[in-house]
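Fold and geometry: a report
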Amino acid sequence: MKNIVVIGAGTMGNGIAHVFAMNGYSVSLVDISEAALERALGTISKNLDRMVKKEKITEADKSETLANITLSTNLNEAAATADLVVEAATENIDLKLKIFKQIDEAAPANAILATNTSSISITKIAAVTSRPAQVIGMHFMNPVPVMKLVEVIRGYATSDEVTNTIMEMSKNLGKIPTEVNDYPGFIANRILMPMINEAIYSLYESVAGVEEIDTVMKLGMAHPMGPLQLADFIGLDVCLSILNVLHDGFGNPKYAPCPLLVNMVTAGYLGRKTGEGFYKYEKGSKELVVSSRFKKNDASLV
């Protein structure tokens, strides 16, 4: 398995392409936007420069990695010779089902179709293809070049052979794969998102302020990043989407998203990617500043 197609040139897609290419795979990075593809290649190049500076790789390694990546806006053409397709598009069920129908028709019969979804049912995605045994979840963590975990999710029909292949391939990428079964949120987000949601509820109910909540979790629980900062990093819209999947999938009110989270997403305050969430982000600044919309110990939006 040498020919890899990665669909989506966003944060996760370019990171996945980077890791495969750096480990000697031939990668076609596909997106509908040429501008997005060029930005993705620029991001990969900058990340490789960082690795060269830290002496983790050489300039020759960087050149070889970039040479392994081809950019394309033609999904059918790229998928035609794929051994593995990894979909890393937006976390939207309708979009993912559309993509999987298309790649099922375009990819060779023996190709494995993987999705980087963080919460959507692998079984549901597999059901729109003619090869459900060859559909699997390959959930990388952000930032992909740094984080070791790959959550490998078996759909209801995923074969042992395909699962074993993806587990071994993940190890070849220098990752640590962990096999889980296909239920809402899998393991990572089934545990993480209720914690983030509870942190937002604690803010919403004025139990403590943004900094106080994050400080307790960082110093008291040895978390490298507080739950509210992490929510900003992930994207509040993504957090809301995953919570909705959990809520709909289990029908349990404990997964109901906090009204404050819903309001923030509706208003367009999505965290780091929009410049403001629970914290305010200014280009070029690493200082963590609580959004002025939150008063100390008061979650009311000003």
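Residues numbered from 1 in each chain as written. Predicted model: local features only at pLDDT ≥ 70, side-chain atom pairs only at ≥ 80, totals over all residues. Heavy atoms only, no water.

Negative phi characterises most residues that are not glycine, and trans characterises most peptide bonds. Of note, the amide linkage connecting N142 to P143 takes the cis form, showing an omega dihedral of 0 degrees. Mapped onto the fold, P143 is located in the loop between β6 (135–140) and β7 (149–154). Notably, A222 is not glycine yet its phi reads approximately 60 degrees, a positive angle. Tracing the chain through its elements places A222 in the loop between α9 (210–221) and α10 (227–234). For A222, a relative accessible area of 65% corresponds to the exposed category. (Helix = DSSP H or I, 4+ residues; strand = E, 2+ residues; numbered from the N terminus. Buried < 20%, exposed > 50% of the residue type's maximum accessible area, 1.4 Å probe, protein only.)

Attention shifts here to helix α12 (residues 259–267). Taken together, the buried positions of α12 are occupied by L260, L261, M264 and V265. Taken down its axis, α12 places every buried residue within 130 degrees of arc, on the same side. Residues of α12 that are buried sit in contact with α8 (188–204) and α11 (236–250). (Arc of directions from axis to C-beta. Contact = heavy atoms within 4.5 Å.)

Attention now goes to the UniProt feature "domain: 3-hydroxyacyl-CoA dehydrogenase C-terminal" (unreviewed entry) in the protein. With numbering aligned to this structure, UniProt lists the feature "domain: 3-hydroxyacyl-CoA dehydrogenase C-terminal" (unreviewed entry) at residues 185–281. Taken end to end, residues 185–281 is 63% helix and 2% strand, and its first and last C-alpha atoms sit 28 Å apart. (UniProt positions renumbered as here; feature names shortened; annotations may be inferred.)

A word on the packing of aromatic side chains. To describe a pair of aromatic rings, one takes the distance between the centres and the angle between the planes. Within this structure, the stated rule accounts for 5 aromatic pairs. When the ring of F20 is compared with that of Y25, the centres are 5.3 Å apart and the planes differ by 85 degrees; the resulting orientation is edge-to-face. Taken individually, F20 and Y25 each receive the classification buried, so the pair is uniform in this respect. Summarising the aromatic geometry, the rings of F20 and F140 are spaced 6.5 Å apart at their centres and angled 70 degrees between planes, so their arrangement reads as edge-to-face. Here F20, found in helix α1 (residues 11–22), pairs with F140, found in strand β6; they are 120 residues apart in sequence, far enough to count as distant. For the cation-ring pair, K2 lies above Y25, with the distance from its terminal atom to the ring centre recorded as 5.1 Å. (Phe/Tyr/Trp six-rings, centres within 6.5 Å; stacked < 30°, edge-to-face > 60°. Lys NZ or Arg CZ within 6 Å of the ring centre and 35° of its normal.)

On to the pairing of β7. Burial analysis of β7 places 5 of its 6 residues in the buried class, the great majority of the element. Bridge count between β7 and strand β8 (residues 176–181): 6 bridges; the pairing is parallel. Paired with V152 across the strands is E179, a residue of β8. After leaving β7, the chain enters helix α7 (residues 160–172) and then returns to the sheet as β8, a path that is right-handed. (Pairing = 2+ DSSP bridges. Right-handed = clockwise from strand over helix to strand, strands pointing away.)

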